[in-house]
Amino acid sequence: MGDSMHTKPASAQSSLLVELPSIIERLDPQNLFPRPQPLEVELGCGDASFIAEYARLQPEKNFIGVERLLGRIAKLDRKGRRLGLTNLRGVRIESSYFLEWLLPPRSVSALHIYFPDPWPKKKHRRHRLINERFPALARKVLLPDGIIFLRTDDADYFAQMREVFGADKSFHLVETPKELAELTTDFERDFNAQGIATRHAAYQLKPAA
Ligand SMILES: C[S@@+](CC[C@H](N)C(=O)[O-])C[C@H]1O[C@@H](n2cnc3c(N)ncnc32)[C@H](O)[C@@H]1O
């Protein structure tokens, strides 16, 4: 890994999608925004229904949505520009690669992962984003006191999330703030409409982690 990439700050008019000049050099996330502010990242942001609204409500923070599907990340761009957001950017890339290779260590105050693909079949579970390796990736990019917020409709995946974060002694379980829990995602609204239960958990880095 070399020095940070040089990227232009966003204006309300230009695309909110980050064109990565290289995928082997780390980003300087604060270069992506007009103002240096605390950074929060959503992994697998889908159509950006959550992150665009959250960024609108929290102009004092910067946000990056990560999504691998072009059609979905294009919606982040459209929504963010329609709202005139300068504190939101989108990156089309695989989430764990983004954490491991593109974000600088200790650069993120919160990670949001909402309804990641559950891969319900046993033989496919190795594709899950949150696995035994994941807490170490999250720990590396989070600032001291950084938090990871999780939601899923899948009981087995929720148990796995609780297990892997419970086993990492640098994190402890905390409450999800009510105003955050009330801000639903696109998939969550579908699940709610169908009466499917959803589960929340949040883990914070302990001070000495
Ligand atoms: C079930 S959807 C949930 C979308 C959104 N978080 C919501 O709750 O409405 C999962 C999203 O994560 C994206 N995704 C899945 N695995 C990913 C990965 N490894 N890296 C980046 N995006 C991923 C999918 O393309 C999809 O848009």
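So, a few notes on the structure that sits alongside this text. (Residues numbered from 1 in each chain as written. Predicted model: local features only at pLDDT ≥ 70, side-chain atom pairs only at ≥ 80, totals over all residues.)

Side note on unusual backbone geometry
Most peptide bonds take the trans form, and the phi angle of most residues other than glycine is negative. Backbone geometry places Ala 48, a non-glycine residue, at a positive phi of 70°. Relative to the elements of secondary structure, Ala 48 occurs in the loop between β1 (39-43) and α1 (49-57). Accessibility expressed as a C-beta count within 10 Å gives 28 for Ala 48, which makes it buried. Notably, Phe 115 is not glycine yet its phi reads approximately 55°, a positive angle. Within the secondary structure, Phe 115 is located in the loop between β4 (108-114) and α4 (134-141). According to the C-beta neighbour criterion, Phe 115 is buried, with 21 such atoms within 10 Å. (Helix = DSSP H or I, 4+ residues; strand = E, 2+ residues; numbered from the N terminus. Buried ≥ 20, exposed ≤ 12 C-beta atoms within 10 Å, placed from the backbone.)

With respect to the site of the ligand
Not every one of the 20 residues close to the ligand is listed here, only the nearest: Gly 44, Gly 46, Ser 95, Thr 185 and Phe 187. Of all elements in the fold, only β2 (62-67) and α7 (186-193) reach the threshold of two or more residues within the shell around the ligand. Counting residues per element, the shell around the ligand draws most heavily on α7, at three residues. Split into classes, the residues belonging to the shell around the ligand amount to eight nonpolar, five polar and seven charged. (Near = placed C-beta within 6 Å. Nonpolar A, V, L, I, M, F, W, Y, C, P; charged D, E, K, R; others polar.)

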